[in-house]
Protein chains: 4
Amino acid sequence: MSQPICVNDFEAWAKNKLTKNAWDYYCGGATEEQTLQDNCAAFKRYRLRPYVLNDVSQVDTSSSVLGDTIPFPVCIASTALNKLAHEGGEIASAKAASSLGSGFMQSTVSTTSIEDIAEATPGSLKWMQLYIFKSQKMSKGIQGVDGSGIKDFATKYIDPALQWKDILWLKSISKLPVVLKEIITAEMAQKAVEHKVDGIVVSNHGARQLDGVPATIDALPEIVKAVNGKCDVFLDGGVRTGTDVLKAVAMGAKAVFVGRPVLWGLAYDGENGVKSVLSILRDEFRMSMQLMGCRSVKGLQEGKNLVVPQTFYPSNL
Amino acid sequence: MSQPICVNDFEAWAKNKLTKNAWDYYCGGATEEQTLQDNCAAFKRYRLRPYVLNDVSQVDTSSSVLGDTIPFPVCIASTALNKLAHEGGEIASAKAASSLGSGFMQSTVSTTSIEDIAEATPGSLKWMQLYIFKSQKMSKGIQGVDGSGIKDFATKYIDPALQWKDILWLKSISKLPVVLKEIITAEMAQKAVEHKVDGIVVSNHGARQLDGVPATIDALPEIVKAVNGKCDVFLDGGVRTGTDVLKAVAMGAKAVFVGRPVLWGLAYDGENGVKSVLSILRDEFRMSMQLMGCRSVKGLQEGKNLVVPQTFYPSNL
Amino acid sequence: MSQPICVNDFEAWAKNKLTKNAWDYYCGGATEEQTLQDNCAAFKRYRLRPYVLNDVSQVDTSSSVLGDTIPFPVCIASTALNKLAHEGGEIASAKAASSLGSGFMQSTVSTTSIEDIAEATPGSLKWMQLYIFKSQKMSKGIQGVDGSGIKDFATKYIDPALQWKDILWLKSISKLPVVLKEIITAEMAQKAVEHKVDGIVVSNHGARQLDGVPATIDALPEIVKAVNGKCDVFLDGGVRTGTDVLKAVAMGAKAVFVGRPVLWGLAYDGENGVKSVLSILRDEFRMSMQLMGCRSVKGLQEGKNLVVPQTFYPSNL
Amino acid sequence: MSQPICVNDFEAWAKNKLTKNAWDYYCGGATEEQTLQDNCAAFKRYRLRPYVLNDVSQVDTSSSVLGDTIPFPVCIASTALNKLAHEGGEIASAKAASSLGSGFMQSTVSTTSIEDIAEATPGSLKWMQLYIFKSQKMSKGIQGVDGSGIKDFATKYIDPALQWKDILWLKSISKLPVVLKEIITAEMAQKAVEHKVDGIVVSNHGARQLDGVPATIDALPEIVKAVNGKCDVFLDGGVRTGTDVLKAVAMGAKAVFVGRPVLWGLAYDGENGVKSVLSILRDEFRMSMQLMGCRSVKGLQEGKNLVVPQTFYPSNL
């Protein structure tokens, strides 16, 4: 295998380096994997309409995440058990993100404690994925739980009785911003806004949960419209190229999160591998902005018809 | 081959265990098998739109069939000559259904008499598929005919002159509820309602009859709309996963019937195999209800836009 | 290879029996063969909506062709050089048609003279495909030209200056009905009607001429609508099953013509092979009428929504 | 390999004759090559609707390019480094075009100087592709730069600050007509017209730049409509057959440009190979005009519904 030069190249390397169990665990999706395929395929169902002859000698790829500025709109999604991919584990991933100014989202099912990650990457943008447990006391105390064995733990104790009012409870016990993940319809986005969340991640849990839900990029437009600027909207699922990032951003996402590609980078070469993956997406995103004739994320989001569904073509003559 | 963990896994086992003749007879469809493929493929053309943060700690999967309650909306469709699949034959299938509280539909072309099935599964929900014979006297007497050789018998004597008024005759000679199978259009569903049937099975005879008719799940919405609650609507054809069940139910079916998967389970391990197939569908259905945020079949059927055709996406920006 | 039981089965036999040259000549289409594939594929893009519980004990498959009754709506299309397929040549094909009461269309590029065919099949329905030659005198005299070598002849002398007014000339010199072939749009059909033709064959010359034109079954509806009953409409191209025949007839064709399948039958077993091909289509057509709940061609053509494009499904919920 | 008889046949020959580097450089497209595939595939998504019984004994295939008449509407697109394909390089390509009366567009990244090409093909139609450099002085002087090494040169010095007003500057320093390439949307076409360009090439740079933009033939209609006759519209990308040419012309292009097919012809047999490629397209275009019943490019462009998107079919019954 030759050196990886695009994000998808890392996948073959990872398959070679990982144990079969780890590979199967990471790459699989729910049931018949229809949504797993669709998350990637859906991006290809949108067409780009560039503006030529704009001065793109200066391009600003930065975006903002809950008020913080990030140098490019790609962060690391929460993925479980990073030490299965590489001994460096979550610390390697978090340091890669930190070194590029990107954000890192820790999984509830982490193989590293939140304290260790915090110590390794001081001052960087970090998110904590929080499953709500049957005992609310336990949810409060999750920031002190050791990572090992957390999976069984979570399976037993995650609360299926969770309700919208619990969001209000969560906001009442913490001053941290609360972002709701796994939102895939306008109806739920509207409800999230009514419950004062600070952000929404348009996500289908990496297509690992309910097969048959829409691809995230397909769901994004109705959610952006429903939210109407009242909180930040993010997206994960299927992002593999700089034009994927650009499509999501032009359609209203403040940033995208990447999961499996980060794991492939981690398996390939630990922190350096993850850095490569993020850098490739950053550079491809900048290049695609230039080719689109856009100088800023704001320009991308305010442009008219920069991204259209393929059904826009062929035009009726 | 590893142990089957989803319904489709049973197919490969069945192919190995059955004689070539039995396999060919069971798995084939009409002409070019376009509808055979489409029955399954069509389910994948609908997208699920989950409601998150509903309390789903208590989920009730039960539905009702002609007034009787069943614990989950999956019953066994009539399939011919079950003893070709396993020596246990129709009794094994019926007992599997009975043990789970599910219903069993006996084929006109059965290798077991209706009396033997009744004796083996007292008190359980049973249906009798009835071909109408040229001699109405013979149709009346079909509940005493021995199963063996019934196929040739049926071919010779089934009545191509059957008409809507014969439904009225049938209702006049029996107090049993009459359910019309092989309804695939709104027009016919309306006519069935006018002729006072108690239920309709949206079906294309397992795609074994007229190639080119719509997939059953594609036909379901127009039929549910035409029936407008005046009788129960059921569906068979192409159901292989719990989300398939959920889609059919959310689109208005009281229950679905499965045919070939039951035969594969029967071939795999007799009564136990059939029980496995039904249990998998039951468990997958319950899980998908939870992931959809629905606590009851009523909730599934009253929710707005829980299931949409794929043409809903990508939304025009 | 086992005995052919459907029309497509004859193709593999023919490929084995024919010289490579003959096979290539018969099976090929224009340029990239997009239309060749589409002629068959398009039929599968229509869905059947059967009427159940009609008395179909008596089914009348007959149709009419320019006033003559034929027992089933399938005739033989003009195909060139039949002796390449089998020594029996056009006579074998014509006799097969004649023995079943079907019609035979002789090609301009025939390997048998029109007189010999007439002598071999007295009293049967026959058509003569007529290319118009540069010398109108020659067109008049074509019924005395010997078949051999007619291809080079035709290539050199066929008239590219042909115009609509020539149709009027043709009608002025003969009392025979004139049917226009290779009509594929409503605009041309309307013009044909204005020029008093007796019939139209919706055709793209077996997809051997201009690649990229519509499949014939796709073009049929607009032509039937434009003609509005003022002349007979026929169709060739892509017919391989009885449901194909039924779709074309239900959409307004008085009869369909089959070309390549007849050649495959001819190659397989001369007159008997052709008879088999026609009989299979006849029997499949009758069976599909019964399954559609239709007792006559008139019933097929007057039924509402018996055939719909696949875009009819999935219905918006 | 047998002698090439259609344009696509040259590709396999070229692959055999070229070094791997040259082949990879010429045949590749941007990122995942979605647009590369789509440029060709999109042509097949349009259907032709011929007019029969028009006198096509005399067909005029000529078109006009910026006021000059060309005998058929196919010219050579700018492609880089022609000497990699054949020692004859740009001179061989230009002479092939010249000998058939077609036009030749020189690449900025040429392996032959513009003076040498001019000397080799006096009096023929020639275009010069111009990248605008950071130093406007350098852009002025580009007609004296030697071809060798121009690629590195261009990469370093091409100006990303280029703006619409630079078009006006360009027009102010030269009396030559200015044609804008890489226009793929109506918005940009309108802007080009406002900036007084003499022509537009609907192009996505051979799908080598921004993956995900529309196929050129899909973009053509909106651009022709936006331009509304105020300047010439041309197209490159995906043209491989005479019916592709016809579709582009019928949809409003004055001419099409072919790039890779010319390189394959060049690799196959230098000037003669390129002549073969152009001649095949010319002859196929003439033949398809005849089969469409059109006698002139004007006729093609004024005809109603000669070319329609495939979504025109199947018509709703």
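Residues numbered from 1 in each chain as written. Chains lettered and ligands numbered in written order. Predicted model: local features only at pLDDT ≥ 70, side-chain atom pairs only at ≥ 80, totals over all residues. Heavy atoms only, no water.

J.: Pulling in residues and values, what's your account of the overall build of chain A?
T.: Across its full length, chain A carries 13 helices and 11 strands. Here the C-alpha atoms of chain A give a radius of gyration of 19 Å, agreeing with the 20 Å that 2.2 N^0.38 yields for 317 residues. Seen through its C-alpha atoms, chain A measures out along the principal axes to roughly 60 × 50 × 40 Å. For chain A, with 317 residues in total, the buried portion stands at 57%. Restricting the contact set of chain A to residue pairs at least 6 apart, pairs at least 24 apart contribute 69%. Of the roughly 12900 Å² of accessible surface on chain A, a fraction of 50% belongs to carbon and sulfur atoms. Here chain A carries 34 positive and 33 negative side-chain charges, and the mean point of each set is 4 Å from the other. (Helix = DSSP H or I, 4+ residues; strand = E, 2+ residues; numbered from the N terminus. Rg over C-alpha atoms; globule rule 2.2 N^0.38 Å. Buried < 20%, exposed > 50% of the residue type's maximum accessible area, 1.4 Å probe, protein only. Contact = heavy atoms within 4.5 Å. Areas by Shrake-Rupley, 256 points an atom, 1.4 Å probe, with all protein chains shown as cover. Lys, Arg positive; Asp, Glu negative; His and termini not counted. Charge placed at Lys NZ, Arg CZ, Asp CG, Glu CD.)

J.: Kindly report on the interface of chain B and chain A, identifying the contributing residues and their values.
T.: Contact residues are listed per partner, giving 27 residues for chain B and 33 residues for chain A. Taken over both partners, the interface formed by chain B and chain A buries close to 2600 Å², and the fraction arising from carbon and sulfur atoms is 62%. Counting the contacts that link chain B with chain A gives 4 salt bridges. For the pair chain B and chain A, the interface holds 7 residue pairs in polar contact (both at pLDDT 80 or more). Contributions of two or more residues to the side of chain B that touches chain A are made by strand S1 (46–48) and helix H12 (260–292) of chain B. (Buried area = accessible area lost by both parts, 1.4 Å probe. Salt bridge = Lys/Arg side-chain N within 4 Å of Asp/Glu carboxyl O. Polar contact = N/O pair within 3.5 Å; in protein donor to acceptor, adjacent residues only side chain to side chain.)

J.: Describe the packing of aromatic side chains, with residues and values.
T.: Any pair of aromatic rings gets described here by the distance separating the centres and the angle formed by the planes. All names here are of chain A. This model, assessed by the stated rule, comprises 32 aromatic pairs over all chains. For the ring pair Phe-234 and Phe-257, a centre distance of 5.9 Å and an interplane angle of 90 degrees mean the geometry is edge-to-face. One end of the pair, Phe-234, is in strand S9 (residues 232–236); the other, Phe-257, is in strand S10 (residues 255–258), with 23 residues separating them in the sequence. Relative accessible area serves as the criterion here: at 1%, Phe-257 is assigned to the buried category. Over the face of the ring belonging to Tyr-25 we find Arg-208, whose NZ or CZ atom lies 5.0 Å from the ring centre. (Phe/Tyr/Trp six-rings, centres within 6.5 Å; stacked < 30°, edge-to-face > 60°. Lys NZ or Arg CZ within 6 Å of the ring centre and 35° of its normal.)

J.: Could you give an account of the relation of the copies chain B and chain A, naming the residues involved and the relevant values?
T.: The transform that puts chain B on chain A rotates by 90 degrees and translates by 0.0 Å along the axis, for an RMSD of 0.0 Å. Look at the turn and shift together and you get a four-fold axis relating the two. Closest approach to the rotation axis within chain B is made by the C-alpha atom of Thr-311 of chain B, at a distance of 7.3 Å. When the interface residues of chain B are mapped onto chain A, a mere 4% of them again fall at the interface, so the copies present different faces. (Least-squares fit on C-alpha atoms with pLDDT ≥ 70 in both.)

J.: So what's going on with helix H3 (residues 34–43) of chain D? Residues and values would help.
T.: Across the 10 residues that make up H3 of chain D, a large majority, 7, are buried. Every buried residue belonging to H3 of chain D is among Gln-34, Thr-35, Leu-36, Asp-38, Asn-39, Ala-42 and Phe-43 of chain D, and all of these are buried.

J.: Just give me the short version of the interface of chain D and chain A, but keep the residues and values in it.
T.: Between chain D and chain A, the residue contacts involve 33 residues of the former and 27 residues of the latter. Inspection of the chain D/chain A interface yields 4 salt bridges. Ionic pairing is found between Arg-49 of chain A and Glu-222 of chain D, a salt bridge with its closest N-O pair at 2.7 Å. Seen at the junction of chain D and chain A, the total is 7 residue pairs in polar contact (both at pLDDT 80 or more). Ranked by residues supplied to the side of chain D that touches chain A, first place goes to helix H10 (residues 216–227) of chain D with 4 residues. When grouped by side-chain class, the residues that make up the side of chain D that touches chain A number 20 nonpolar, 6 polar and 7 charged. (Nonpolar A, V, L, I, M, F, W, Y, C, P; charged D, E, K, R; others polar.)

J.: Please provide a residue-by-residue account of the environment of Cys-27 of chain B, values included.
T.: Residues and elements named next belong to chain B. Here Cys-27 is to be found in helix H2 (residues 20–27). On the accessibility criterion, Cys-27 (22% relative accessible area) is partly exposed. Excluding residues within four positions of it along the chain, Cys-27 makes contact with Leu-36, Arg-260 and Trp-264.

J.: An account of the relation of the copies chain D and chain A is requested, with residue identities and associated values reported.
T.: Structural alignment of chain D on chain A gives an RMSD of 0.0 Å, achieved by rotating through 90 degrees and translating 0.0 Å along the axis. When the interface residues of chain D are mapped onto chain A, a mere 3% of them are again interface residues, pointing to distinct binding faces.

J.: Tell me about the side chain of Ser-107 of chain B, and please be specific about residues and values.
T.: Residues and elements named next belong to chain B. If you trace the backbone, Ser-107 turns up in the loop between strand S5 (104–106) and helix H5 (114–120). The class of Ser-107 is buried, set by a relative accessible area of 6%. For Ser-107, the side chain forms a polar contact with the side chain of Gln-129, separated by 3.3 Å. Ignoring any residue separated from it by four or fewer positions in sequence, one finds Ser-107 in contact with Ser-78, Thr-79, Ala-80, Met-128 and Gln-129.

J.: I'd love a proper account of the pairing of strand S10 (residues 255–258) of chain B, names of residues and values included.
T.: Residue and element names in this part refer to chain B. Burial of S10 is two-sided: the residues Ala-255 and Phe-257 facing one way and the residues Val-256 and Val-258 facing the other way are all buried. As defined by bridge partners, strand S4 (residues 74–76) adjoins S10 across 3 bridges and the pair is classed as parallel. Bridge assignment links Cys-75 to a residue of S10, and that residue is Phe-257. Crossover strand S9 (residues 232–236) to S10 through helix H11 (residues 242–250) is right-handed. (Pairing = 2+ DSSP bridges. Right-handed = clockwise from strand over helix to strand, strands pointing away.)

J.: How would you sum up the nonpolar core? Please name residues and give values.
T.: Residue and element names in this part refer to chain D. Counting residues in hydrophobic clusters, the biggest one holds 85 residues, and the most contacted among them are Ile-200 and Leu-235. Counting residues per element, this core draws most heavily on helix H12 (residues 260–292), which supplies 14 residues. Here Ile-200 is in contact with Val-179, Leu-180, Ile-183, Ala-189, Ala-192, Ile-223, Val-227, Cys-231, Asp-232, Val-233 and Phe-234, once residues within four sequence places are set aside. (Core = buried A, V, L, I, M, F, W, Y, C linked by side-chain atoms within 4.5 Å.)

J.: Please provide a residue-by-residue account of the pattern of salt bridges, values included.
T.: Enumeration over the complete set of coordinates arrives at 50 salt bridges over all chains. Residue Arg-47 of chain A pairs with Asp-38 of chain D through a salt bridge whose shortest N-O separation is 3.9 Å. Placement of Arg-47 of chain A in strand S1 (residues 46–48) and of Asp-38 of chain D in helix H3 is noted, with the two residues assigned to different chains. In this pair, the class of Arg-47 of chain A matches that of Asp-38 of chain D, namely buried. We note a salt bridge from Asp-198 of chain A to Lys-171 of chain A, for which the minimum N-O separation is 3.0 Å. You can see Asp-198 of chain A sitting in the loop between helix H9 (186–194) and strand S8 (199–202) and its partner Lys-171 of chain A sitting in helix H8 (residues 164–173), a full 27 residues away along the chain. Taking the relative accessible area as the measure of exposure, Lys-171 of chain A reaches 28% and is therefore partly exposed.

J.: Can you break down the confidence of the model for chain A residue by residue, with the values?
T.: All names here are of chain A. A residue-level look at chain A finds 91% of positions with pLDDT of 70 or above and a mean pLDDT of 92. For the stretch residues 144–148, pLDDT sits under 50, and the model shows 4 contacts to residues farther than four places along the chain or on other chains. Among the prediction metrics, the complex's ipTM stands at 0.93, with pTM recorded as 0.94. (pLDDT = per-residue confidence, 0-100.)

J.: Could you give an account of the pairing of S8 of chain A, naming the residues involved and the relevant values?
T.: Each regular strand displays side chains that alternate between the two surfaces of the sheet. Residues and elements named next belong to chain A. The alternating pattern of S8 places Gly-199 and Val-201 on one face and Ile-200 and Val-202 on the opposite face, and all of these are buried. Note that the unit made of strand S7 (residues 179–183), H9 and S8 has a crossover that is right-handed. Examined bridge by bridge, S8 and S9 share 4 bridges and lie parallel to one another. In the sheet register, Val-202 faces S9, and the bridge partner there is Leu-235. Each parallel crossover has a hand, and for S8 linked through helix H10 (residues 216–227) to S9 it is right-handed.

J.: Tell me what's going on with unusual backbone geometry, and back it up with residues and numbers.
T.: Across residues other than glycine, the phi torsion is negative in most instances, and most of the peptide bonds are trans. Residue Pro-314 of chain B is reached from Tyr-313 of chain B by a cis peptide bond, and omega for that bond is -15 degrees. Mapped onto the elements of the fold, Pro-314 of chain B is located in the segment after strand S11 (307–309). The phi angle at Asn-305 of chain A is positive, at roughly 60 degrees, despite the residue not being glycine. Here Asn-305 of chain A lies in the loop between helix H13 (297–302) and strand S11 (307–309).

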